[in-house]
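Spelled out, the chains give:
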Amino acid sequence: MQCDVCQSKEATVFLTQIVDGKMQKVNLCENCSKEKGVNDPTGFALTDLLLGLGASQEIEKSPSSVKCPICGFTQADFKKTGRLGCSNCYTVFEDGIGPMLKNMHKGTQHTGKTPAAFHKIREHSEKIKTLQENLTKAIEAEEFELAANLRDEIRQAETELAS
Amino acid sequence: MKFSRIIANSGEWLSGDGPNRHIVVSSRVRLARNLRDKPFPGWAKKSERLEVMNSVKQAVECLPEMEESYSENLEALSPLEKQVLVERHLISREHAAKGVGSAVVMNAPQSLSVMINEEDHLRMQAIRCGLQLDNVFKMIDRVDTELESSLEFAYSAELGYLTACPSNVGTGMRASAMLHLPGLVMSDQINKIINSVNKIGLAVRGLHGEGTEAMGNLFQVSNQTTLGEAEEEIIGRLNRVIEQVIEHEQNARALLAQRKAITLHDQIGRAYGLLCHSYSISSKEALNLLSIIKLGIDLAVFPDAHRFPVDELFIETQPAHLQKDAQVVKMSSEERDALRATLIRAKLSQVPQPDIARLRLATPATTENQ
Ligand SMILES: [Zn+2]
Ligand SMILES: [Zn+2]
(Lines give C-alpha, C1' and ligand atoms only; values in the text may rest on other atoms or scores of the structure.)
(Ligands and ions follow the chains in the order given, each with its own letter.)
Protein backbone atom coordinates (compact mmCIF):
# COMPACT_ATOMS: atom_id res chain seq x y z
CA MET A 1 0.00 0.00 0.00
CA GLN A 2 1.25 3.46 -0.92
CA CYS A 3 1.89 6.30 1.49
CA ASP A 4 -0.94 8.88 1.38
CA VAL A 5 1.41 11.81 1.78
CA CYS A 6 4.38 11.29 -0.58
CA GLN A 7 2.51 8.81 -2.81
CA SER A 8 5.76 7.01 -3.49
CA LYS A 9 7.05 4.93 -0.59
CA GLU A 10 5.45 1.85 0.90
CA ALA A 11 3.15 2.66 3.82
CA THR A 12 4.11 1.03 7.12
CA VAL A 13 2.16 3.15 9.61
CA PHE A 14 -1.61 2.80 9.52
CA LEU A 15 -3.77 5.14 11.51
CA THR A 16 -7.44 4.83 12.22
CA GLN A 17 -9.43 7.12 14.37
CA ILE A 18 -13.12 7.30 14.94
CA VAL A 19 -14.26 10.86 15.33
CA ASP A 20 -17.93 11.38 16.07
CA GLY A 21 -18.81 8.02 14.57
CA LYS A 22 -16.93 8.60 11.32
CA MET A 23 -13.95 6.40 10.54
CA GLN A 24 -10.89 8.21 9.28
CA LYS A 25 -7.89 6.34 7.89
CA VAL A 26 -4.42 7.43 6.88
CA ASN A 27 -1.55 5.27 5.63
CA LEU A 28 1.96 6.62 5.96
CA CYS A 29 5.50 5.56 5.17
CA GLU A 30 8.18 5.60 7.86
CA ASN A 31 9.59 8.96 6.72
CA CYS A 32 6.29 10.80 6.45
CA SER A 33 5.05 9.47 9.79
CA LYS A 34 8.16 10.88 11.46
CA GLU A 35 7.86 14.15 9.59
CA LYS A 36 4.21 14.51 10.52
CA GLY A 37 5.06 13.84 14.16
CA VAL A 38 2.90 10.73 14.36
CA ASN A 39 5.22 9.41 17.05
CA ASP A 40 4.86 12.62 19.01
CA PRO A 41 1.39 12.69 20.49
CA THR A 42 1.75 16.29 21.61
CA GLY A 43 2.19 17.56 18.10
CA PHE A 44 -0.03 15.31 16.11
CA ALA A 45 -3.69 15.45 15.30
CA LEU A 46 -5.17 13.24 12.64
CA THR A 47 -7.43 16.10 11.60
CA ASP A 48 -4.40 18.23 10.81
CA LEU A 49 -3.01 15.46 8.68
CA LEU A 50 -6.27 14.76 6.88
CA LEU A 51 -6.50 18.45 6.11
CA GLY A 52 -3.28 18.27 4.18
CA LEU A 53 -4.81 15.49 2.08
CA GLY A 54 -8.43 15.09 1.09
CA ALA A 55 -10.23 17.72 3.10
CA SER A 56 -8.41 20.63 1.56
CA GLN A 57 -10.15 19.95 -1.71
CA GLU A 58 -13.28 21.42 -0.16
CA ILE A 59 -11.87 24.88 -0.39
CA GLU A 60 -11.89 24.60 -4.19
CA LYS A 61 -15.49 25.68 -4.10
CA SER A 62 -14.13 29.21 -4.07
CA PRO A 63 -13.21 30.37 -7.60
CA SER A 64 -9.54 29.72 -8.30
CA SER A 65 -8.70 33.35 -9.00
CA VAL A 66 -9.55 34.44 -5.44
CA LYS A 67 -6.59 35.86 -3.56
CA CYS A 68 -6.54 37.22 0.01
CA PRO A 69 -5.98 40.98 -0.31
CA ILE A 70 -4.07 41.09 2.97
CA CYS A 71 -1.61 38.22 2.60
CA GLY A 72 -1.85 37.14 -1.04
CA PHE A 73 -2.84 33.57 -0.20
CA THR A 74 -4.70 31.46 -2.80
CA GLN A 75 -6.63 28.20 -2.59
CA ALA A 76 -3.76 26.43 -4.36
CA ASP A 77 -1.56 27.38 -1.40
CA PHE A 78 -4.10 25.89 0.97
CA LYS A 79 -4.16 22.64 -0.95
CA LYS A 80 -0.41 22.46 -0.67
CA THR A 81 -0.04 23.29 3.02
CA GLY A 82 -3.39 22.59 4.69
CA ARG A 83 -2.94 25.90 6.52
CA LEU A 84 -4.30 29.38 5.81
CA GLY A 85 -2.31 32.56 5.16
CA CYS A 86 -3.76 35.00 7.70
CA SER A 87 -6.89 35.60 9.78
CA ASN A 88 -8.50 37.50 6.91
CA CYS A 89 -8.32 34.36 4.73
CA TYR A 90 -11.25 33.01 6.77
CA THR A 91 -13.45 35.75 5.27
CA VAL A 92 -11.99 35.46 1.76
CA PHE A 93 -12.39 31.67 1.52
CA GLU A 94 -15.54 31.52 3.65
CA ASP A 95 -17.56 29.44 1.13
CA GLY A 96 -14.98 26.69 1.02
CA ILE A 97 -14.02 26.67 4.67
CA GLY A 98 -17.60 26.58 5.99
CA PRO A 99 -18.47 23.00 4.93
CA MET A 100 -15.02 21.81 5.94
CA LEU A 101 -15.44 23.14 9.48
CA LYS A 102 -18.82 21.45 9.68
CA ASN A 103 -17.23 18.05 9.05
CA MET A 104 -14.39 18.72 11.40
CA HIS A 105 -15.98 20.17 14.53
CA LYS A 106 -18.92 19.80 16.91
CA GLY A 107 -20.63 22.90 15.57
CA THR A 108 -20.11 25.89 13.31
CA GLN A 109 -20.73 28.68 15.85
CA HIS A 110 -18.15 29.63 18.46
CA THR A 111 -19.63 29.56 21.94
CA GLY A 112 -16.49 29.92 24.02
CA LYS A 113 -14.38 32.78 25.28
CA THR A 114 -14.82 36.27 23.85
CA PRO A 115 -12.05 38.88 24.09
CA ALA A 116 -13.11 41.85 26.24
CA ALA A 117 -13.03 44.15 23.21
CA PHE A 118 -15.79 42.04 21.64
CA HIS A 119 -18.04 41.94 24.71
CA LYS A 120 -19.56 45.32 23.86
CA ILE A 121 -20.09 44.35 20.24
CA ARG A 122 -21.75 41.10 21.23
CA GLU A 123 -24.02 42.87 23.75
CA HIS A 124 -25.03 45.48 21.20
CA SER A 125 -25.78 42.99 18.44
CA GLU A 126 -27.87 40.94 20.86
CA LYS A 127 -29.73 44.06 21.96
CA ILE A 128 -30.45 45.08 18.36
CA LYS A 129 -31.69 41.57 17.59
CA THR A 130 -34.18 41.68 20.49
CA LEU A 131 -35.35 45.16 19.55
CA GLN A 132 -35.94 44.06 15.98
CA GLU A 133 -38.00 41.09 17.13
CA ASN A 134 -40.09 43.41 19.29
CA LEU A 135 -40.48 45.76 16.35
CA THR A 136 -41.88 43.00 14.14
CA LYS A 137 -44.34 42.05 16.88
CA ALA A 138 -45.37 45.70 17.36
CA ILE A 139 -46.04 46.13 13.65
CA GLU A 140 -48.08 42.93 13.53
CA ALA A 141 -50.12 44.17 16.49
CA GLU A 142 -50.49 47.55 14.74
CA GLU A 143 -48.98 49.35 17.73
CA PHE A 144 -47.44 52.06 15.59
CA GLU A 145 -46.40 54.39 18.38
CA LEU A 146 -44.43 51.60 20.06
CA ALA A 147 -42.95 50.63 16.67
CA ALA A 148 -41.73 54.20 16.09
CA ASN A 149 -40.04 54.23 19.51
CA LEU A 150 -38.40 50.88 18.86
CA ARG A 151 -37.10 52.13 15.50
CA ASP A 152 -35.44 55.06 17.27
CA GLU A 153 -33.88 52.74 19.83
CA ILE A 154 -32.54 50.46 17.10
CA ARG A 155 -31.04 53.41 15.25
CA GLN A 156 -29.34 54.59 18.43
CA ALA A 157 -27.96 51.14 19.22
CA GLU A 158 -26.63 50.86 15.68
CA THR A 159 -24.76 54.16 15.87
CA GLU A 160 -23.30 53.08 19.22
CA LEU A 161 -22.15 49.79 17.68
CA ALA A 162 -20.54 51.61 14.77
CA SER A 163 -18.57 53.93 17.04
CA MET B 1 17.58 33.59 33.57
CA LYS B 2 20.05 31.19 31.96
CA PHE B 3 19.21 27.92 30.20
CA SER B 4 21.41 25.95 32.59
CA ARG B 5 19.59 27.41 35.59
CA ILE B 6 16.09 26.79 34.35
CA ILE B 7 16.97 23.24 33.37
CA ALA B 8 18.77 22.41 36.63
CA ASN B 9 15.42 21.83 38.33
CA SER B 10 12.66 19.49 37.26
CA GLY B 11 9.46 21.20 36.26
CA GLU B 12 6.76 21.69 38.87
CA TRP B 13 4.53 19.23 36.99
CA LEU B 14 7.01 16.44 37.67
CA SER B 15 7.98 17.22 41.26
CA GLY B 16 4.67 18.62 42.49
CA ASP B 17 1.54 16.97 43.77
CA GLY B 18 -1.94 16.86 42.37
CA PRO B 19 -5.25 14.97 42.50
CA ASN B 20 -5.16 11.37 41.22
CA ARG B 21 -1.48 11.64 40.54
CA HIS B 22 -1.00 7.87 40.88
CA ILE B 23 -2.59 7.55 37.46
CA VAL B 24 -2.65 11.04 35.97
CA VAL B 25 0.92 12.20 35.41
CA SER B 26 0.07 15.69 34.18
CA SER B 27 -2.70 17.98 32.94
CA ARG B 28 -2.01 20.44 30.17
CA VAL B 29 -3.99 23.12 28.36
CA ARG B 30 -2.71 24.86 25.27
CA LEU B 31 -4.24 27.91 23.58
CA ALA B 32 -3.52 29.01 20.00
CA ARG B 33 -3.73 32.74 19.28
CA ASN B 34 -2.83 34.96 16.34
CA LEU B 35 -2.50 38.65 15.68
CA ARG B 36 -5.21 40.15 13.48
CA ASP B 37 -4.38 40.47 9.77
CA LYS B 38 -0.74 39.48 10.21
CA PRO B 39 0.35 36.52 8.04
CA PHE B 40 0.53 33.26 10.01
CA PRO B 41 4.13 32.10 10.71
CA GLY B 42 4.13 29.43 7.98
CA TRP B 43 3.15 32.01 5.36
CA ALA B 44 4.93 35.13 6.66
CA LYS B 45 8.16 36.55 5.25
CA LYS B 46 11.15 36.54 7.58
CA SER B 47 10.82 40.30 8.24
CA GLU B 48 7.13 39.87 9.11
CA ARG B 49 7.91 36.98 11.43
CA LEU B 50 10.55 39.04 13.21
CA GLU B 51 8.15 41.95 13.63
CA VAL B 52 5.45 39.73 15.14
CA MET B 53 7.98 37.93 17.33
CA ASN B 54 9.35 41.14 18.79
CA SER B 55 5.96 42.59 19.70
CA VAL B 56 4.64 39.29 21.09
CA LYS B 57 7.81 38.52 23.02
CA GLN B 58 7.76 41.93 24.67
CA ALA B 59 4.11 41.53 25.67
CA VAL B 60 4.74 38.04 27.09
CA GLU B 61 7.85 39.08 29.02
CA CYS B 62 5.85 41.88 30.68
CA LEU B 63 3.31 39.44 32.15
CA PRO B 64 3.35 39.29 35.97
CA GLU B 65 3.54 35.48 35.62
CA MET B 66 6.81 35.87 33.73
CA GLU B 67 8.57 38.01 36.29
CA GLU B 68 11.10 35.24 36.79
CA SER B 69 11.41 33.68 33.39
CA TYR B 70 13.57 32.24 30.67
CA SER B 71 13.19 33.83 27.26
CA GLU B 72 15.18 32.96 24.15
CA ASN B 73 15.15 33.16 20.37
CA LEU B 74 15.24 29.70 18.86
CA GLU B 75 18.32 30.30 16.70
CA ALA B 76 20.26 30.91 19.93
CA LEU B 77 19.53 27.40 21.19
CA SER B 78 21.62 24.38 20.22
CA PRO B 79 19.82 21.30 18.81
CA LEU B 80 20.54 19.53 22.11
CA GLU B 81 19.02 22.34 24.20
CA LYS B 82 15.93 22.39 21.99
CA GLN B 83 15.57 18.62 22.40
CA VAL B 84 15.80 18.97 26.20
CA LEU B 85 12.85 21.38 26.06
CA VAL B 86 10.92 18.94 23.86
CA GLU B 87 11.55 16.08 26.29
CA ARG B 88 10.20 18.28 29.09
CA HIS B 89 7.06 19.04 27.07
CA LEU B 90 7.92 22.77 27.12
CA ILE B 91 8.08 23.16 23.35
CA SER B 92 6.73 20.98 20.54
CA ARG B 93 8.87 19.01 18.13
CA GLU B 94 7.65 21.34 15.36
CA HIS B 95 8.79 24.36 17.32
CA ALA B 96 12.23 22.84 17.91
CA ALA B 97 12.69 22.74 14.14
CA LYS B 98 12.26 26.53 13.93
CA GLY B 99 15.06 29.10 13.84
CA VAL B 100 15.21 32.85 13.18
CA GLY B 101 11.88 34.55 13.84
CA SER B 102 10.68 32.13 16.53
CA ALA B 103 11.12 32.27 20.29
CA VAL B 104 10.11 30.67 23.56
CA VAL B 105 9.31 32.22 26.94
CA MET B 106 8.70 30.15 30.07
CA ASN B 107 8.37 30.79 33.80
CA ALA B 108 10.87 29.46 36.31
CA PRO B 109 8.70 26.57 37.64
CA GLN B 110 8.16 25.54 33.98
CA SER B 111 4.42 25.49 34.49
CA LEU B 112 3.82 28.12 31.80
CA SER B 113 5.44 28.31 28.42
CA VAL B 114 4.71 30.39 25.35
CA MET B 115 5.93 29.35 21.92
CA ILE B 116 6.13 32.34 19.61
CA ASN B 117 5.72 31.71 15.88
CA GLU B 118 5.18 27.98 16.02
CA GLU B 119 2.29 27.18 13.66
CA ASP B 120 0.39 30.12 15.16
CA HIS B 121 1.77 33.42 16.42
CA LEU B 122 1.23 32.23 19.99
CA ARG B 123 0.92 28.76 21.40
CA MET B 124 0.73 29.13 25.16
CA GLN B 125 0.47 26.26 27.57
CA ALA B 126 0.06 25.59 31.24
CA ILE B 127 0.99 22.21 32.69
CA ARG B 128 0.60 20.81 36.19
CA CYS B 129 0.80 17.57 38.07
CA GLY B 130 -2.16 15.20 38.41
CA LEU B 131 -5.71 15.69 37.18
CA GLN B 132 -6.48 19.39 37.45
CA LEU B 133 -7.52 20.55 34.02
CA ASP B 134 -9.82 23.22 35.52
CA ASN B 135 -6.97 24.88 37.42
CA VAL B 136 -4.63 24.59 34.49
CA PHE B 137 -7.22 26.17 32.21
CA LYS B 138 -7.75 29.04 34.68
CA MET B 139 -4.01 29.65 34.70
CA ILE B 140 -3.65 29.92 30.94
CA ASP B 141 -6.97 31.75 30.57
CA ARG B 142 -5.69 34.51 32.85
CA VAL B 143 -2.50 34.85 30.82
CA ASP B 144 -4.58 35.07 27.64
CA THR B 145 -6.82 37.79 29.11
CA GLU B 146 -3.79 39.76 30.26
CA LEU B 147 -2.25 39.59 26.79
CA GLU B 148 -5.48 40.88 25.24
CA SER B 149 -4.74 44.36 26.55
CA SER B 150 -1.47 44.65 24.62
CA LEU B 151 -2.09 42.40 21.59
CA GLU B 152 -5.02 42.43 19.16
CA PHE B 153 -5.99 38.81 18.60
CA ALA B 154 -7.61 37.54 15.41
CA TYR B 155 -11.17 36.74 16.41
CA SER B 156 -14.54 36.48 14.71
CA ALA B 157 -17.91 36.39 16.47
CA GLU B 158 -18.88 33.34 14.42
CA LEU B 159 -15.66 31.30 14.30
CA GLY B 160 -13.97 32.47 17.50
CA TYR B 161 -10.18 32.59 17.58
CA LEU B 162 -8.76 32.25 14.07
CA THR B 163 -5.84 29.86 13.66
CA ALA B 164 -3.47 28.80 10.87
CA CYS B 165 -5.08 25.37 10.72
CA PRO B 166 -8.90 25.21 10.58
CA SER B 167 -8.78 22.24 12.96
CA ASN B 168 -7.92 24.60 15.85
CA VAL B 169 -10.41 27.38 15.13
CA GLY B 170 -12.95 28.41 17.80
CA THR B 171 -11.51 28.08 21.28
CA GLY B 172 -8.03 27.36 19.88
CA MET B 173 -7.78 25.06 22.89
CA ARG B 174 -6.19 21.64 23.20
CA ALA B 175 -6.62 20.20 26.69
CA SER B 176 -4.90 16.95 27.53
CA ALA B 177 -3.95 14.64 30.36
CA MET B 178 -1.09 12.15 30.42
CA LEU B 179 -2.23 8.87 31.96
CA HIS B 180 -0.15 5.97 33.28
CA LEU B 181 -2.14 2.83 32.52
CA PRO B 182 -0.05 -0.31 33.18
CA GLY B 183 -3.07 -2.20 34.57
CA LEU B 184 -5.11 -1.77 31.40
CA VAL B 185 -2.14 -2.71 29.22
CA MET B 186 -1.22 -5.81 31.26
CA SER B 187 -4.82 -7.02 31.21
CA ASP B 188 -5.16 -6.42 27.44
CA GLN B 189 -7.98 -3.93 27.86
CA ILE B 190 -6.22 -0.85 26.58
CA ASN B 191 -7.31 -1.06 22.93
CA LYS B 192 -10.93 -1.45 23.98
CA ILE B 193 -10.62 1.67 26.12
CA ILE B 194 -8.87 3.63 23.36
CA ASN B 195 -11.57 2.73 20.86
CA SER B 196 -14.42 3.73 23.12
CA VAL B 197 -12.79 7.05 24.04
CA ASN B 198 -12.14 7.77 20.35
CA LYS B 199 -15.79 7.09 19.62
CA ILE B 200 -16.90 10.02 21.74
CA GLY B 201 -14.72 12.47 19.86
CA LEU B 202 -11.66 12.50 22.11
CA ALA B 203 -8.23 11.42 20.98
CA VAL B 204 -6.08 8.88 22.83
CA ARG B 205 -2.52 8.36 21.79
CA GLY B 206 0.39 6.49 23.24
CA LEU B 207 3.49 8.39 24.16
CA HIS B 208 5.84 7.54 21.28
CA GLY B 209 3.67 4.82 19.79
CA GLU B 210 0.20 3.51 19.16
CA GLY B 211 -2.01 1.31 21.33
CA THR B 212 -0.20 -1.43 23.19
CA GLU B 213 3.05 -0.26 21.59
CA ALA B 214 2.96 2.87 23.76
CA MET B 215 6.19 3.33 25.65
CA GLY B 216 6.09 3.32 29.43
CA ASN B 217 2.34 2.60 29.36
CA LEU B 218 1.78 6.33 29.00
CA PHE B 219 -1.22 7.64 27.11
CA GLN B 220 -2.45 11.10 26.31
CA VAL B 221 -6.16 11.90 26.17
CA SER B 222 -7.14 15.16 24.49
CA ASN B 223 -10.03 16.95 22.83
CA GLN B 224 -10.25 16.55 19.08
CA THR B 225 -12.54 19.45 18.21
CA THR B 226 -12.38 23.13 19.10
CA LEU B 227 -15.45 24.78 17.54
CA GLY B 228 -19.05 24.62 18.77
CA GLU B 229 -18.36 24.00 22.46
CA ALA B 230 -17.21 26.37 25.20
CA GLU B 231 -13.86 25.74 26.92
CA GLU B 232 -15.56 24.60 30.15
CA GLU B 233 -17.74 22.12 28.27
CA ILE B 234 -14.74 20.58 26.52
CA ILE B 235 -12.87 20.26 29.82
CA GLY B 236 -15.95 18.87 31.56
CA ARG B 237 -16.27 16.19 28.91
CA LEU B 238 -12.58 15.31 29.23
CA ASN B 239 -12.79 15.17 33.03
CA ARG B 240 -15.72 12.77 32.96
CA VAL B 241 -13.97 10.45 30.50
CA ILE B 242 -10.65 10.56 32.37
CA GLU B 243 -12.36 9.77 35.67
CA GLN B 244 -13.85 6.69 34.06
CA VAL B 245 -10.51 5.62 32.65
CA ILE B 246 -9.01 6.04 36.15
CA GLU B 247 -11.71 3.78 37.55
CA HIS B 248 -11.06 1.15 34.88
CA GLU B 249 -7.34 1.29 35.59
CA GLN B 250 -7.93 0.86 39.33
CA ASN B 251 -10.23 -2.10 38.68
CA ALA B 252 -7.69 -3.64 36.32
CA ARG B 253 -4.98 -3.32 38.98
CA ALA B 254 -7.25 -4.86 41.60
CA LEU B 255 -8.11 -7.79 39.33
CA LEU B 256 -4.46 -8.39 38.49
CA ALA B 257 -3.56 -8.45 42.19
CA GLN B 258 -6.37 -10.89 42.96
CA ARG B 259 -6.30 -13.23 40.00
CA LYS B 260 -2.84 -12.91 38.56
CA ALA B 261 -0.84 -12.16 41.67
CA ILE B 262 2.11 -14.31 40.65
CA THR B 263 2.37 -12.68 37.21
CA LEU B 264 2.24 -9.26 38.85
CA HIS B 265 4.90 -10.13 41.46
CA ASP B 266 7.04 -11.64 38.73
CA GLN B 267 6.82 -8.57 36.51
CA ILE B 268 7.73 -6.19 39.33
CA GLY B 269 10.60 -8.40 40.47
CA ARG B 270 11.98 -8.79 36.97
CA ALA B 271 11.72 -5.07 36.22
CA TYR B 272 13.65 -4.31 39.40
CA GLY B 273 16.25 -6.99 38.64
CA LEU B 274 16.81 -5.84 35.06
CA LEU B 275 17.07 -2.18 35.93
CA CYS B 276 19.48 -2.87 38.81
CA HIS B 277 21.76 -5.06 36.74
CA SER B 278 21.78 -3.89 33.14
CA TYR B 279 24.79 -2.23 31.57
CA SER B 280 23.11 -1.20 28.34
CA ILE B 281 19.45 -0.33 27.96
CA SER B 282 17.38 1.32 25.24
CA SER B 283 15.03 4.19 25.93
CA LYS B 284 12.03 2.00 25.14
CA GLU B 285 13.02 -0.86 27.43
CA ALA B 286 13.88 1.59 30.21
CA LEU B 287 10.51 3.35 30.01
CA ASN B 288 8.59 0.08 29.99
CA LEU B 289 10.45 -1.27 33.02
CA LEU B 290 10.28 2.03 34.90
CA SER B 291 6.54 1.96 34.34
CA ILE B 292 6.38 -1.35 36.24
CA ILE B 293 8.47 0.11 39.08
CA LYS B 294 6.10 3.09 39.20
CA LEU B 295 3.20 0.64 39.45
CA GLY B 296 5.11 -1.11 42.26
CA ILE B 297 5.30 2.18 44.16
CA ASP B 298 1.54 2.73 43.68
CA LEU B 299 0.97 -0.76 45.11
CA ALA B 300 3.26 -0.07 48.11
CA VAL B 301 5.73 -2.77 47.05
CA PHE B 302 8.36 -0.01 47.10
CA PRO B 303 8.33 2.85 49.65
CA ASP B 304 6.52 5.98 48.50
CA ALA B 305 9.63 8.08 49.20
CA HIS B 306 11.08 6.78 45.92
CA ARG B 307 8.25 8.09 43.80
CA PHE B 308 9.93 11.31 42.74
CA PRO B 309 13.35 9.84 41.85
CA VAL B 310 11.65 7.17 39.73
CA ASP B 311 9.36 9.72 38.02
CA GLU B 312 12.42 11.81 37.32
CA LEU B 313 14.07 8.88 35.55
CA PHE B 314 11.29 8.92 32.93
CA ILE B 315 12.67 12.29 31.79
CA GLU B 316 16.34 11.93 32.76
CA THR B 317 16.78 8.79 30.63
CA GLN B 318 15.59 10.52 27.44
CA PRO B 319 18.37 10.97 24.86
CA ALA B 320 18.90 14.75 25.12
CA HIS B 321 18.76 14.74 28.93
CA LEU B 322 21.41 12.02 29.08
CA GLN B 323 23.70 14.00 26.80
CA LYS B 324 23.26 17.34 28.49
CA ASP B 325 24.47 15.94 31.83
CA ALA B 326 27.40 14.21 30.19
CA GLN B 327 28.39 17.48 28.50
CA VAL B 328 28.96 15.56 25.29
CA VAL B 329 27.72 16.99 22.04
CA LYS B 330 27.76 13.86 19.90
CA MET B 331 27.11 10.47 21.41
CA SER B 332 26.41 7.16 19.70
CA SER B 333 23.30 5.25 20.66
CA GLU B 334 25.49 2.53 22.22
CA GLU B 335 27.12 5.13 24.44
CA ARG B 336 23.72 6.52 25.37
CA ASP B 337 22.37 3.05 26.22
CA ALA B 338 25.37 2.43 28.48
CA LEU B 339 25.05 5.82 30.16
CA ARG B 340 21.32 5.30 30.65
CA ALA B 341 21.95 1.96 32.36
CA THR B 342 24.55 3.54 34.67
CA LEU B 343 22.19 6.34 35.64
CA ILE B 344 19.35 3.91 36.37
CA ARG B 345 21.57 1.54 38.37
CA ALA B 346 22.78 4.44 40.51
CA LYS B 347 19.27 5.61 41.28
CA LEU B 348 17.76 2.17 41.80
CA SER B 349 20.51 1.19 44.23
CA GLN B 350 18.70 3.55 46.65
CA VAL B 351 15.43 1.67 46.21
CA PRO B 352 15.06 -1.42 48.46
CA GLN B 353 14.13 -4.79 46.98
CA PRO B 354 10.43 -5.26 46.24
CA ASP B 355 8.52 -6.33 49.35
CA ILE B 356 5.68 -8.29 47.81
CA ALA B 357 4.12 -8.93 51.22
CA ARG B 358 3.32 -5.25 51.46
CA LEU B 359 1.37 -5.26 48.19
CA ARG B 360 -1.85 -3.39 48.67
CA LEU B 361 -4.18 -1.61 46.38
CA ALA B 362 -4.36 2.11 46.54
CA THR B 363 -7.71 3.09 47.96
CA PRO B 364 -9.76 4.37 45.04
CA ALA B 365 -9.59 8.14 45.03
CA THR B 366 -13.32 8.57 44.64
CA THR B 367 -13.45 11.59 46.91
CA GLU B 368 -11.06 13.41 44.63
CA ASN B 369 -13.06 12.68 41.52
CA GLN B 370 -15.59 15.42 41.98
ZN1 LIG C 1 5.52 8.99 2.53
ZN1 LIG D 1 -4.93 36.11 4.16
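As a reminder, the structure under discussion sits directly above these lines.
Residues numbered from 1 in each chain as written. Chains lettered and ligands numbered in written order. Predicted model: local features only at pLDDT ≥ 70, side-chain atom pairs only at ≥ 80, totals over all residues. Heavy atoms only, no water.

Counting its regular elements, chain A contains 7 helices and 2 strands. Taken from the N to the C terminus, the helices and strands of chain A come in the order β-β-α-α-α-α-α-α-α. Across the 163 residues in chain A, those meeting the buried criterion constitute 40%. In chain A, 35% of the contacts between residues at least 6 apart in sequence involve partners at least 24 apart. Split by element, the accessible area of chain A, about 9,200 Å² in all, is 51% carbon and sulfur. (Helix = DSSP H or I, 4+ residues; strand = E, 2+ residues; numbered from the N terminus. Buried < 20%, exposed > 50% of the residue type's maximum accessible area, 1.4 Å probe, protein only. Contact = heavy atoms within 4.5 Å. Areas by Shrake-Rupley, 256 points an atom, 1.4 Å probe, with all protein chains shown as cover.)

Moving on: the interface of chain B and chain A. Contact with chain B, which involves 56 residues of that partner, is made by 49 residues of chain A. Note on chain B versus chain A: buried area summed over both sides is about 4,300 Å², and carbon and sulfur give 56% of it. Per-residue buried area on chain B facing chain A is highest for W43, Y155 and P166 of chain B; these three make up 16% of the total on that side. At the junction of chain B and chain A, the tally comes to 3 salt bridges. Put simply, E119 of chain B and R83 of chain A hold a salt bridge, and the shortest N to O gap is 2.9 Å. (Buried area = accessible area lost by both parts, 1.4 Å probe. Salt bridge = Lys/Arg side-chain N within 4 Å of Asp/Glu carboxyl O.)

Below, the discussion takes up the side chain of H180 of chain B. All names here are of chain B. Within the secondary structure, H180 sits in strand β8 (residues 173-180). A relative accessible area of 0% places H180 in the buried class. Among the polar contacts listed, one links the side chain of H180 to the side chain of S291, at a separation of 2.8 Å. In contact with H180, not counting residues within four places along its chain, are I23, V25, G216, N217, L218, E249, R253, S291, K294 and L295. (Polar contact = N/O pair within 3.5 Å; in protein donor to acceptor, adjacent residues only side chain to side chain.)

Attention now goes to empty space enclosed by the protein. Residues and elements named next belong to chain B. Enumeration according to the criterion identifies 4 cavities of 30 Å³ or more in this entry. Roughly 70 Å³ of volume is contained in the largest cavity. Along the walls of the largest cavity sit S10, G11, W13, L14, R88, Q110, I315 and E316, which together make up its complete lining. Put simply, the parts of the chain that give the lining of the largest cavity at least two residues each are α2 (12-15) and α12 (307-316). Its residues assigned to classes, the lining of the largest cavity comprises 3 nonpolar, 3 polar and 2 charged. (1 Å grid on protein atoms, 1.4 Å probe; cavity = no way out; pocket = protein on both sides within 12 Å on 5 of 7 lines; lining within 4 Å. Points joined across faces, edges and corners; volume = space filled by probe spheres on them. Nonpolar A, V, L, I, M, F, W, Y, C, P; charged D, E, K, R; others polar.)

So, about the pattern of salt bridges. Throughout the structure, instances matching the rule amount to 24 salt bridges over all chains. When the shortest N-O distance is used, the salt bridge between R128 of chain B and E12 of chain B registers 4.0 Å. Note that R128 of chain B is positioned in strand β5 (residues 122-129) and E12 of chain B in helix α2, a separation of 116 residues in sequence. Ionic contacts of the salt-bridge type, sharing partners, join the residues R83 of chain A together with E118, E119, D120 and R123 of chain B into one network.

All names here are of chain A. Bound to the zinc ion (ligand 2) are the protein donor atoms C68 (SG), C71 (SG), C86 (SG) and C89 (SG), situated 2.3 to 2.4 Å from the metal. Each of the 4 donor atoms around the zinc ion (ligand 2) contributes to a set of angles spanning 98 to 123 degrees, which defines the coordination as tetrahedral. Expressed as a motif, the donor residue spacing for the zinc ion (ligand 2) is C-x2-C-x14-C-x2-C. One end of the pair, C71, is in the loop between α2 (46-52) and α3 (75-81); the other, C89, is in helix α4 (residues 89-92), with 18 residues separating them in the sequence. When its relative accessible area of 0% is taken as the criterion, C89 is described as buried. (Donors = N, O, S within 2.8 Å, 3.2 Å for Na, K, Ca; no water. Tetrahedral: all angles 85-135°; square planar, octahedral: opposite > 155°, others 65-115°.)

Okay, helix α14 (residues 333-348) of chain B next. Residue and element names in this part refer to chain B. Between the first and last C-alpha of α14 there are 22 Å, a value that for 16 residues agrees with the 22 Å anticipated at 1.5 Å per step. Buried residues of α14: R336, D337, R340, A341, I344, R345 and L348, and no others. Looking down the long axis of α14, one finds its buried residues gathered within 170 degrees of arc, a one-sided arrangement. (Expected span 1.5 Å × (residues − 1). Arc of directions from axis to C-beta.)

Take I97 of chain A: it is sitting in helix α5 (residues 94-104). A sequence separation of 26 residues divides I97 of chain A from C71 of chain A, and the C-alpha atoms of the two residues are 17 Å apart.

Inspection of every chain in the model, using the stated rule, returns 6 aromatic pairs over all chains. When the centroid spacing of 6.3 Å and the interplanar angle of 75 degrees are considered together, the rings of F73 of chain A and F93 of chain A count as edge-to-face. Of the two residues, F73 of chain A sits in the loop between α2 and α3 while F93 of chain A sits in the loop between α4 and α5, which places them 20 residues apart along the sequence. Taken individually, F73 of chain A and F93 of chain A each receive the classification buried, so the pair is uniform in this respect. In this structure F73 of chain A comes out as buried when scored by relative accessible area, which is 1%. Members of the aromatic cluster, each reached through a chain of ring pairs, are F73 and F93 of chain A together with W43 of chain B. (Phe/Tyr/Trp six-rings, centres within 6.5 Å; stacked < 30°, edge-to-face > 60°.)

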